[in-house]
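Architecture and fold: a report
In case you want the letters, here they are:
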Amino acid sequence: MPGMSRRTVLRSIPGEGAAATILGRGGDDQIIVRGDVEAVLDAGAGGDRIEISDIGRNLRMLLGAGADTVVVEALQGDRFRLVFTDFQAGAGGDRLELLSYLRFNLTTWDEDTNPFATGHLRLVQDGADARLQASPSADGDWRDLVVFKGTNAAALTAENLGGYPTRGGAPR
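So, here is what we can say about the structure in this document. Computed from a predicted model, the values in this text were never measured in an experiment.

**Digging into the packing of aromatic side chains**
- The final tally for this structure, using the stated rule, is four aromatic pairs.
- Considering the side-chain rings of Trp109 and Tyr164, the 6.4 Å spacing of their centres and the 75° angle between planes classify their relative orientation as edge-to-face. One end of the pair, Trp109, is in the loop between α1 (99-105) and β10 (121-126); the other, Tyr164, is in the segment after β12 (143-148), and 55 residues separate them in sequence.
- Members of the aromatic cluster, connected to one another through ring pairs, are Phe84, Phe87 and Phe148.

Laid out in structure tokens, this is it:
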């Protein structure tokens, strides 16, 4: 990313039951998380880019100040869940990029249509938390993909959710 200090914190942790704490540095970091890991990630301040792939467990994230981008790639099975404790919703807030995940995990999605419109994704309010849920075959078998702690689902915009309006409009 232009202007990003190319500090990279890379954790590739193989093995069942591995656990980790991953800390970013001040400023704009690039953090890559790979492996079968249950982790807590604190990105710190700055406009960070966090890339997540091949995790098979829960990943709890504190993004910190600054507009961060979280890229979700291939994830293992249905044992994982991403939990954001301070996701900044709305214009100019944090961004969750899901295209790679959607391509890899949604078996009946055509890649052109908004996955909220096709029944592959939905956003629900659960008490004080918003939950992004996925149904890989669009058959109504929902499982949590992301929990946005303390976030009103109505505050999450297409900008926050990879360009996909939750009401099913055309992707942006």
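**Looking at unusual backbone geometry**
- One non-glycine residue, Glu111, lies in positive phi territory at about 70°.
- Mapped onto the fold, Glu111 is located in the loop between α1 and β10.
- A residue is classified by how much of its surface remains accessible, and Glu111, at 39% relative accessible area, is partly exposed.

**Concerning the pattern of salt bridges**
- Scanning the entire structure with this criterion turns up six salt bridges.
- Among the salt bridges present, the one from Arg131 reaches Asp126, with a minimum N-O distance of 2.8 Å.
- Overall, Asp126 belongs to the partly exposed group, its relative accessible area being 39%.
- The partner of Asp129 in a salt bridge is Lys149, and the shortest N-O contact between them spans 3.2 Å. Of the two residues, Asp129 is situated in strand β11 (residues 129-134) and Lys149 in the segment after β12; the sequence distance between them amounts to 20 residues.
- Judged by relative accessible area, which is 33%, Lys149 ranks as partly exposed.
- Shared partners join several salt bridges into a network, and the residues in it are Asp126, Arg131 and Asp144.

Calculation rules
- Residues numbered from 1 in each chain as written.
- Predicted model: local features only at pLDDT ≥ 70, side-chain atom pairs only at ≥ 80, totals over all residues.
- Heavy atoms only, no water.
- Phe/Tyr/Trp six-rings, centres within 6.5 Å; stacked < 30°, edge-to-face > 60°.
- Helix = DSSP H or I, 4+ residues; strand = E, 2+ residues; numbered from the N terminus.
- Buried < 20%, exposed > 50% of the residue type's maximum accessible area, 1.4 Å probe, protein only.
- Salt bridge = Lys/Arg side-chain N within 4 Å of Asp/Glu carboxyl O.

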